[in-house]
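Survey of secondary and tertiary structure
In case you want the letters, here they are:
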Amino acid sequence: MTDKKIKVFAPATIANVACGFDTLGFAIQAQTAGGLWLGDYVEAWFNTTNQLQIERINGADMLPTNPTLNVTTVAANALLEAVGEKRGISFNIAKTVKPGSGLGSSSSAAVAGAFAANELLGRPFTTKQLLPFAGAGEQLASNQLHYDNVAPSLLGGFSVVRSNSETDVLSIPYPDDLWVVIAHPQVEIKTSEAKRLLGRTMSISNAVIQFGNIAGLVLGMSTSNYELIGRSMVDMLAEPKRKALIPLYDKAKQATLHAGAIGTNIAGSGPAIFSFCQGEHSAGQVLAAYQTVFASSQLHVKYYKTNINAQGAKRLY
Ligand code: HSE
């Protein structure tokens, strides 16, 4: 028995990336005004019981401290069960991105739980093998197993989920000078509700448009073809229905494209909106365009100008 504490971090992410509903996502490098990375920080240590316990949650009200209902501990528990570990673990959780933001809050929480448990146990699994454990946490949060946020939070970079049911996840290259600008209006959208809004079917004609754009986006990323990335950021599935939930969405999209963004779309299930930009200068102009649009509202909006996080989850000590 040891009381050695470890601490891990799992970054925030942006899923869907316009056309890749439940299949595309990337990790972000953004920082809070106080200099913390956006995502989940989790401390973990063996306790003297054979139970999982959550000692403290900072940065989000209303998250359950019951370990069977919290995504961090559910993910950790999935790993402990897989190795037959009976010792209990205590957790301190600190979140710098709120649930219901569109920035993958439940996924970074789940990834941090699985990653922390793996570190504490002396790494019985490779990082990529942690996907299904983190997926168990994500499933609890959104009632559906999808890896488009989980995979990039764990692995870093840009992920393509070829199959959610087979946990077949690929990492693809992306351009060096790709910047991401995010506007996060401070309203909450629950992923499970945003999913229900979509219904269960899509027309063949829309599906054909979507297939073409997914292929174009993946090719554009892999070959650093900014123009191809931009014209592939078209979504026939989620954006038409979900944009009504996001204040000033159409105006923000129009203004950021006019200011030079390569593409603008909903981050995950929203309400955060993101734009891709080529280079930091362009990202600054796009950020200013967002600020102008939201200045006309009473909303509190957080802004980030950032790059893709290449590393994913990591141990801090
Ligand atoms: N792919 C998920 C969705 C991401 O759009 O519902 C949730 O952030």
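The following refers to the structure shown. Note that the structure is predicted; figures quoted are calculated from it, not measured.

**A word on the packing of aromatic side chains**
- Within this structure, the stated rule accounts for six aromatic pairs.
- Measuring from ring centre to ring centre gives 5.9 Å for F26 and F274, while their planes differ by 65°; the resulting arrangement is edge-to-face. Note that F26 is positioned in strand β3 (residues 24-27) and F274 in strand β11 (residues 273-278), a separation of 248 residues in sequence. With respect to class, F26 is no different from F274; both count as buried.
- Between F274 and F276, the ring centres sit 5.3 Å apart and the planes meet at 80°, which makes this aromatic pair edge-to-face.
- Judged by relative accessible area, which is 0%, F274 ranks as buried.
- Taken together, the ring pairs in this structure connect F26, F158, F274 and F276 into an aromatic cluster.
- Above the face of the F46 ring, R87 is positioned so that its terminal group lies 3.9 Å from the ring centre.

**Considerations on the layout of surface pockets**
- Volume-wise, the largest pocket comes out at about 920 Å³.
- Surrounding the largest pocket, 47 residues form its lining, L63, P99, G100, S106 and E188 being those nearest its centre.
- Among the elements of the structure, α1 (71-83), β6 (89-95), α2 (105-120), α3 (131-142) and α5 (191-196) are those that each provide at least two residues to the lining of the largest pocket.
- A per-class count over the lining of the largest pocket returns 16 nonpolar, 21 polar and 10 charged.
- By volume, the second largest pocket is sized at about 450 Å³.
- The wall of the second largest pocket is formed by 19 residues, among which F21, K195, L198, G199 and R200 lie closest to the centre.
- The set of elements that each furnish at least two residues to the lining of the second largest pocket consists of α5 and α8 (239-242).
- A class-by-class count of the residues in the lining of the second largest pocket yields six nonpolar, eight polar and five charged.
- Both domain 1 (6-172 + 309-315) and domain 2 (178-306) contribute no fewer than three residues apiece to the lining of the second largest pocket.

**A closer look at the pattern of salt bridges**
- Under the counting rule described, the total for this entry stands at 12 salt bridges.
- Residue E280 pairs with K305 through a salt bridge whose shortest N-O separation is 3.2 Å. Of this pair, E280 sits in helix α10 (residues 280-295) while K305 sits in strand β12 (residues 301-307), and the two are 25 residues apart along the sequence.
- Within this structure, E119, R123 and R315 form a network of salt bridges that share partners.

**Observations concerning the nonpolar core**
- By size, the foremost hydrophobic cluster in this structure holds 37 residues, and its most contacted members are L79, I89 and F91.
- Examining the composition of this core, we find that eight residues originate from one element, α2, more than from any other.
- The next biggest cluster of nonpolar side chains, apart from the first, holds 30 residues, and it includes A18, M221, I229 and I308.

What counts as what
- Each residue is numbered by its place in its chain's sequence as written, counting from 1.
- Local features in a predicted model are, by the rule used here, given only for residues with pLDDT of at least 70; side-chain atom pairs are given and counted only at 80 or more, and totals for whole chains, interfaces and linings are based on all residues.
- Excluded from the side-chain calculations are hydrogens and water; all other atoms, namely the structure's heavy atoms, are used.
- Two rings from Phe, Tyr or Trp (for Trp, the six-membered ring) form a pair when their centres are within 6.5 Å of each other. A pair whose planes differ by under 30 degrees is stacked, one over 60 is edge-to-face, and the rest are tilted.
- In this description a helix means any DSSP run of H or I spanning at least four residues, a strand means any run of E spanning at least two, and both kinds are numbered starting from the N terminus.
- Only protein chains enter the calculation, and the probe is 1.4 Å; a residue is then buried if its accessible area is under 20% of its type maximum, exposed if over 50%, and partly exposed in between.
- Whether a charge sits over a ring depends on NZ of Lys or CZ of Arg being within 6 Å of the ring centre and within 35 degrees of the ring normal.
- Only protein atoms enter the 1 Å grid, on which a cavity is a set of points fitting a 1.4 Å probe that cannot get out and a pocket is an open set with protein on both sides within 12 Å along at least 5 of 7 lines, lining residues being those with an atom within 4 Å of a point.
- Grid points are joined across faces, edges and corners, and a volume is the space filled by probe spheres set on the points.
- Here the nonpolar group is Ala, Val, Leu, Ile, Met, Phe, Trp, Tyr, Cys and Pro; Asp, Glu, Lys and Arg are the charged ones; every other residue, Gly included, is treated as polar.
- Where each domain begins and ends follows an automated or database-derived domain assignment.
- Whenever a carboxyl oxygen of Asp or Glu lies within 4 Å of a side-chain nitrogen of Lys or Arg, that contact is scored as a salt bridge.
- Think of a nonpolar core as a cluster: buried Ala, Val, Leu, Ile, Met, Phe, Trp, Tyr and Cys residues, connected wherever their side-chain atoms sit within 4.5 Å.

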